[in-house]
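# Results of the structural survey
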Amino acid sequence: MSDASNKTRRERWIRPLPERVVNKIAAGEVIERPSAVVKELVENSLDAGADRIDIVVEKSGVKLIRIVDNGCGIPEEQIEIAFGRHATSKISAFDDLETLGSYGFRGEALPSIASVSRLRMVSRPAAQAAGTEIIYEGGVLQSCQPTAAAVGTVVEAGDLFYNTPARRKFLKTETTEARHISRLATAMAIGRPKVGFSLKMNGRVVFNLPAGQSLAERVGVLLGGGRKFLSFAFEGGLVTVEGCIGAPDVVQNNRNGQYLFINGRYVFAPMLSHAFVAGYGELIVPGGFPIGALLLSIEPTEIDVNVHPSKTEIKLSRDREVHDAVVAAIRDALRQDSVIPELSSGATMRPESDSRHGNTNRGSGAHVIAGIGSSPPAATEFLSELYQSTKLDNSGAAEPNPATVDTETGEILEKPESTVSSGTEREHGPSAGFRLVGRFSDLYLLMQAGDDLYIVDQHTAHERVLYEEVLRQIEANSASAQTLLFPVQLELSPEQLSLFESAAGIFQRSGFTVAPFGGRMVNIEAVPAIGRARSPEKMLRHVLDDILGLRKSGHDMIKAMAQSIACRSAVMAGDRLSDEEARHLVERLLRCDDRYSCPHGRPTFIRISREDLDRRFGRD
Ligand SMILES: Nc1ncnc2c1ncn2[C@@H]1O[C@H](COP(=O)(O)OP(=O)(O)OP(=O)(O)O)[C@@H](O)[C@H]1O
Ligand SMILES: [Mg+2]
């Protein structure tokens, strides 16, 4: 028998806990560490409409946290109520959460903080001539009296966790707790650039920011350190994203530089962090994390903030769509003319190394970002021009060597000997929109259009072409299959097998004919005909693994399938394309819905303008 069951009947009597005990227990969840006090109090100040918030912290918050705001204040007769459990002015019914416009709603922050500290609040609404001072110790009211005060609220929480020794013991070192506080305060200041903020820690001013700033100004001061950022605004159907993000060469090896907000709320959201990185595609080094802030606005009905007392976790009803929108927003922003890695004076072309090809060019990135938002998307203009002229080029006798790329499937059917020599194949004329002027490393196709040089990555370009094609085929159930003369068997891992079984229909529609063969063995009878014939076992294994990975990061099944087949079938670095194949690849790329990047988000081409070259050679 346990000790508990040995207790007397009287001791086991069920009765409500005293409010002070409840508050202390709740404080365990809401107030995990000193930075949580800062968060709760600053959120209260923001909810009170303050446009100036000053934060003072001593001894990493354990000795003192003082928040001063110029918000609406609390009327004298309500100040004690504010410290009551579940007392809030922000909602009055559960349904109000559906349209929540405030940070707070649980009515537990003040009683929780008061129960684990010595707390003093002075508050005065504008309509009152004087303020009210209220003092609690360990949740017990000590005094409540009128006092002279400025409009707004001051809260001082001292001796944090003095009466919960276990919690105090578990606090990390002073430096760690201080770091949490400065990160949190930084986040709050980034999330609300219009509000003036200051943070003073142990007598030192960490930052002091005026009200009315833009996101770019805030990020510049708080995260900048002379580094370059790009600002953008993106309107999706479900979500709008305002962002200020680092140039692709401004990376670090952890996610600490990422500040994510949903409807003004600073959140911890692995799904958004993933999208943040995914938006850069391979513009950043593998393992590198971009930095910056993303402020998402989503209909309140689409989110649930009532997941955890600290409210830093949020549930999104359509998280995949939000993920994809964020990826698209970042990709679009980086794709703007001057941001696509470009050879500009003083900057290098590709800011990060490409691990496959080992070309490490770490530029300052300074020019990569210059002029963002102001210059028109010249690449777009070029491409529509290019598309026009391509069509002209192929429309008649001017074409010396007709196409051998299957324009429906992207399949390169044969490799005719080219009659086009690098750099000299066309005369200038109205129909000579672009010329293949060379290739580099059996990977990059060098095209000239007007005065600009375009460098096309043959792999990413082909991936994009095949991706859109495969997607269409799967959706229309029209993928052609290549039947194997000799079927091959393959043993799948349990994870691969269960994926295959759950998505057999999609595999079938994509051109795979794969039948169970006992145990975890399968018999491969046909593979998608698109792209180049590779080992069928490798193809299936790779596709299964790719899809498993993509599904984990929230991709839709059909898109994941198309992405994988495209990637595994596209021409690779090292595959030598004939001039004709190269030109037709570009032509097909121009027909794509999204021609600027491959499905992973890597650019399909970059532009180097004549002007840039001239500048670099000192010709301007
Ligand atoms: N700085 C402030 N200025 C004006 N009113 C405040 C301030 N801080 C708190 N209040 C008032 O006190 C009430 C209780 O605050 P408390 O933080 O405990 O709960 P909440 O903000 O409503 O919800 P949550 O527990 O989710 O933060 C608030 O609803 C608000 O009306
Ligand atoms: Mg609150």
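In this text the structure is predicted, and so the values were computed from the model without any measurement.

### Overview of the overall build of the protein
- On a plain count of helices and strands, the protein comes out with 19 helices and 24 strands.
- Scored against the burial criterion, the 620 residues of the protein give a buried share of 52%.
- Accessible area of the protein: about 28200 Å², with a carbon and sulfur share of 52%.

### Some points on helix H14 (residues 494-502)
- The complete set of buried residues in H14 reads Gln496, Leu497, Leu499 and Phe500. Here the buried residues of H14 occupy an arc of 165° about the axis, which is enough to place them on one side. Exposed residues on H14 whose side chains face more than 90 degrees from its buried face are Pro494, Glu501 and Ser502.
- Where H14 is buried, its residues meet helix H15 (504-509), strand S22 (513-516), strand S23 (521-528), helix H16 (536-552) and helix H17 (557-569).

### A word on the pattern of salt bridges
- Scanning the entire structure with this criterion turns up 28 salt bridges.
- Where Glu177 meets Arg33, a salt bridge forms, and the shortest distance between an N and an O atom there is 3.0 Å. In this pair, Glu177 is assigned in helix H7 (residues 174-191) and Arg33 in the loop between helix H2 (19-30) and helix H3 (34-47), connecting sequence segments 144 residues apart.
- Arg615 is the partner of Glu611 in a salt bridge, and the nearest nitrogen-oxygen pair spans 4.0 Å. On the criterion of helical spacing, the pair formed by Glu611 and Arg615 is a turn pair, its members being four residues apart in helix H19 (residues 610-616).

### Regarding the sheet that holds strand S15 (residues 292-298)
- Strand order in this open sheet of five strands is S9-S10-S15-S12-S13, and the pairing throughout is mixed. Looking at the sheet topology across the chains shown, the edges are occupied by strand S9 (229-235) and strand S13 (265-266).
- Packed onto the sheet, helix H8 (residues 215-224) meets S9, strand S10 (239-246), strand S12 (258-262) and S15 and runs at close to 40° relative to S10.
- Here helix H10 (residues 319-335) sits on the sheet in contact with S9, S10 and S15, set at roughly 130° to S9.

### Concerning the packing of aromatic side chains
- All chains considered together, the criterion is met by nine aromatic pairs.
- Ring geometry for Tyr259 and Tyr266: centres 6.2 Å apart, planes at 25°, overall stacked. Here the two residues Tyr259 and Tyr266 agree in accessibility, since each one is buried.
- Ring plane angle 65° and centroid distance 5.2 Å describe the contact between Phe500 and Phe507, whose orientation is recorded as edge-to-face. Phe507 matches Phe500 in its accessibility class, with the two residues each being buried.
- Feature note: the residues Tyr259, Phe261 and Tyr266 constitute an aromatic cluster, connected by ring pairs.
- Residue placement shows Arg118 over the ring face of Tyr162; its charged tip is 3.9 Å from the ring centre.
- In this structure, Arg183 packs its charged tip against the face of Tyr259, placed 4.4 Å from the ring centre.

### Some details on the sheet that holds strand S2 (residues 64-69)
- Read from one edge of the open sheet, eight strands run S5-S4-S3-S6-S2-S1-S7-S8, paired in mixed fashion. The open sheet has two edge strands, strand S5 (140-147) and strand S8 (204-209), and neither has a second partner. With direction set aside, neighbouring strand axes in the sheet form an average angle of 10°.
- Judged from the six bridges that link them, strand S1 (residues 52-58) and S2 form a sheet pairing that is antiparallel. Residue pairing across strands places Glu58 opposite Leu64, the latter belonging to S2.
- Contacts from H3 reach S1, S2, strand S6 (152-158) and strand S7 (196-201) within the one sheet, and its direction differs from that of S2 by about 10°.
- Contacting S1, S7 and S8, H7 crosses the sheet at an angle of about 170° to S7.

### A closer look at helix H9 (residues 270-280)
- Inspection of H9 places Leu272, Ser273, Ala275, Phe276, Val277, Gly279 and Tyr280 among the buried residues, and these make up the whole buried set.
- Against the buried residues of H9 lie S10, S12, strand S14 (289-290), S15 and H10.
- Positive phi appears at Gly281, one or two residues downstream of H9, with a value of about 55°.

### Focus: the nonpolar core
- Among the nonpolar cores identified, the biggest contains 59 residues, and Val42, Ile53, Ile55, Phe83, Met121, Ile190 and Phe197 are the most heavily contacted of them.
- Of the domains in this structure, domain 1 (19-202) and domain 2 (215-335) are the two that each give at least three residues to this core.
- Those residues in contact with Val42, other than ones at most four positions away along the chain, are Ile53, Ile55, Ile67, Met188 and Phe197.
- Counting residues in hydrophobic clusters, the runner-up holds 36 residues, among them Leu230, Phe234, Val305 and Val322.

What counts, and where the lines are drawn
- Each chain carries its own residue numbering, running from 1 in the direction its sequence is written.
- Ligands are numbered from 1 and chains lettered from A, in the order in which they are written.
- Confidence filtering applies because this is a predicted model: local features only for residues at pLDDT of at least 70, side-chain atom pairs given and counted only at 80 or more, and all residues used for totals across whole chains, interfaces and linings.
- Working from all heavy atoms in the structure, the side-chain values ignore hydrogens and water.
- Numbering of helices and strands starts at the N terminus; helices are DSSP runs of H or I of at least 4 residues and strands are runs of E of at least 2.
- A 1.4 Å probe rolled over the protein chains alone gives each residue an accessible area, and that area as a share of the maximum for its type sets the label: buried under 20%, exposed over 50%, partly exposed in between.
- Method for areas: the Shrake-Rupley scheme with a 1.4 Å probe, in which residue coverage is limited to the protein chains shown.
- What the arc covers is the set of directions going from the helix axis to the C-beta atoms.
- Residue contacts are defined here by distance: any two heavy atoms, one from each residue, within 4.5 Å place the two residues in contact.
- Any carboxyl oxygen of Asp or Glu that lies within 4 Å of a side-chain nitrogen of Lys or Arg is treated as forming a salt bridge with it.
- Should DSSP find at least two bridges between two strands, the strands are taken to pair.
- Interaxial angle, 0 to 180 degrees, is taken between N-to-C directions of lines fitted to C-alpha atoms, where a helix line uses only the stretch in contact.
- We call Phe, Tyr and Trp rings a pair once their centres come within 6.5 Å, taking the six-membered ring for Trp, and we label the pair stacked below 30 degrees between planes, edge-to-face above 60, and tilted otherwise.
- The criterion is that NZ of a Lys, or CZ of an Arg, lies within 6 Å of the ring centre and within 35 degrees of the ring normal, and then a charge sits over that ring.
- Nonpolar core, defined: a set of buried Ala, Val, Leu, Ile, Met, Phe, Trp, Tyr and Cys residues in which side-chain atoms within 4.5 Å join the residues together.
- Domain limits in this description derive from either an automatic procedure or a database domain assignment.

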